[in-house]
Amino acid sequence: QVQLVESGGGLVQAGGSLRLSCAASGSIFSINAMCWYRQAPEKERELVAAIPSGGMTRYADSVKGRFTISRDKNTVYLQMNNLKPEDTAVYYCNAEMYIHGSSGVKDFWGKGTRVTVSS
């Protein structure tokens, strides 16, 4: 069984910072990519940042220069600086992984962590 567990969300004032973490655990053979998505109330889920194995990171235009994605083995981080009220959302971790005993890449999601930015 594979799990993605996020942490680090909370309430912060505009201009503040938060650091999200997501740890993948279980029967993982390898990880292709890890990403952060977010979903604001009454909006569709959107990609915030992605870090593929051996590839370049990429960011949504709305967070470029403010957010930084990084990864250490099976944990992915999202450093969020200069937060704005429009960053308020539930943030989800996503990972594309190869699992022991299973063929093909599988897509996994965490349960999400809430970020609220007050003005």
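Above this note sits the structure.
Keep in mind it's a predicted model, so treat the numbers as computed, not measured. (Residues numbered from 1 in each chain as written. Predicted model: local features only at pLDDT ≥ 70, side-chain atom pairs only at ≥ 80, totals over all residues. Heavy atoms only, no water.)

## Details of the overall build of the protein
Item 1. Secondary structure summary: the protein contains zero helices and 11 strands in total.
Item 2. Each helix and strand of the protein, placed in order from N terminus to C terminus, yields the pattern β-β-β-β-β-β-β-β-β-β-β.
Item 3. Its C-alpha radius of gyration of 14 Å places the protein within 12% of the 14 Å reference for a compact globule of 119 residues.
Item 4. Sorting the 119 residues of the protein into buried and exposed places 39% on the buried side. (Helix = DSSP H or I, 4+ residues; strand = E, 2+ residues; numbered from the N terminus. Rg over C-alpha atoms; globule rule 2.2 N^0.38 Å. Buried < 20%, exposed > 50% of the residue type's maximum accessible area, 1.4 Å probe, protein only.)

## Side note on the sheet that holds strand β3 (residues 18–25)
Item 1. Here four strands make up an open sheet; going across it, the order is β1-β3-β8-β7 and the pairing antiparallel. Both edges of this open sheet fall to β1 (3–7) and β7 (67–72), since each of them pairs with a single strand only. Strand-to-strand, the axes of this sheet are offset by a mean angle of 15 degrees, without reference to chain direction.
Item 2. Two elements, β3 and strand β8 (residues 75–80), share six bridges in a ladder whose sense is antiparallel. Among the inter-strand pairings, S21 is bridged to a residue of β8, identified as Y77. (Pairing = 2+ DSSP bridges. Axes fitted to C-alpha atoms, helices over the stretch in contact; angles between N-to-C directions.)

## Section: the nonpolar core
Item 1. In this structure, M34, W36, L78, M80, Y91 and M97 are the most contacted members of the largest nonpolar core, which totals 31 residues.
Item 2. Counting residues per element, the ones that place at least two in this core are β3, β4 (28–39), β5 (46–52), β7, β8, β9 (89–99) and β11 (113–118).
Item 3. For this core, the element with the most residues is β9, which contributes six residues.
Item 4. When residues no more than four places from it in sequence are discounted, the contact partners of M97 are V2, L4, A24, I28, S30, I31, N32, G104, V105, K106 and F108. (Core = buried A, V, L, I, M, F, W, Y, C linked by side-chain atoms within 4.5 Å. Contact = heavy atoms within 4.5 Å.)

## Topic: the packing of aromatic side chains
Item 1. This model, assessed by the stated rule, comprises one aromatic pair.
Item 2. Of note, R45 hangs over the ring of Y92, and the distance from its end group to the ring centre comes to 3.8 Å.
Item 3. Residue placement shows R45 over the ring face of W109; its charged tip is 4.8 Å from the ring centre. (Phe/Tyr/Trp six-rings, centres within 6.5 Å; stacked < 30°, edge-to-face > 60°. Lys NZ or Arg CZ within 6 Å of the ring centre and 35° of its normal.)

## Section: the pattern of salt bridges
Item 1. Considering all chains together, one arrives at four salt bridges under this definition.
Item 2. The partner of R38 in a salt bridge is D87, with the nearest N and O atoms 2.9 Å apart. Linking R38 in strand β4 with D87 in the loop between β8 and β9, this pair joins segments that are 49 residues apart in sequence. With respect to burial, R38 and D87 carry one shared label: buried.
Item 3. Ionic pairing is found between D61 and K64, a salt bridge with its closest N-O pair at 3.1 Å. When sorted by exposure, D61 lands in the same class as K64, which is exposed.
Item 4. What you see here is one network of salt bridges that share partners, running through R38, E46, R66 and D87. (Salt bridge = Lys/Arg side-chain N within 4 Å of Asp/Glu carboxyl O.)

## Some words on a nonpolar patch on the surface
Item 1. Taken together, the side chains of F29, Y98 and V105 present a nonpolar region at the surface, about 300 Å² in accessible area.
Item 2. Position of F29 relative to the elements: it lies in strand β4. (Patch = residues over 30% accessible without salt bridge, like charges linked within 9 Å, V, L, I, M, F, W, Y side chains within 5 Å. Areas by Shrake-Rupley, 256 points an atom, 1.4 Å probe, with all protein chains shown as cover.)

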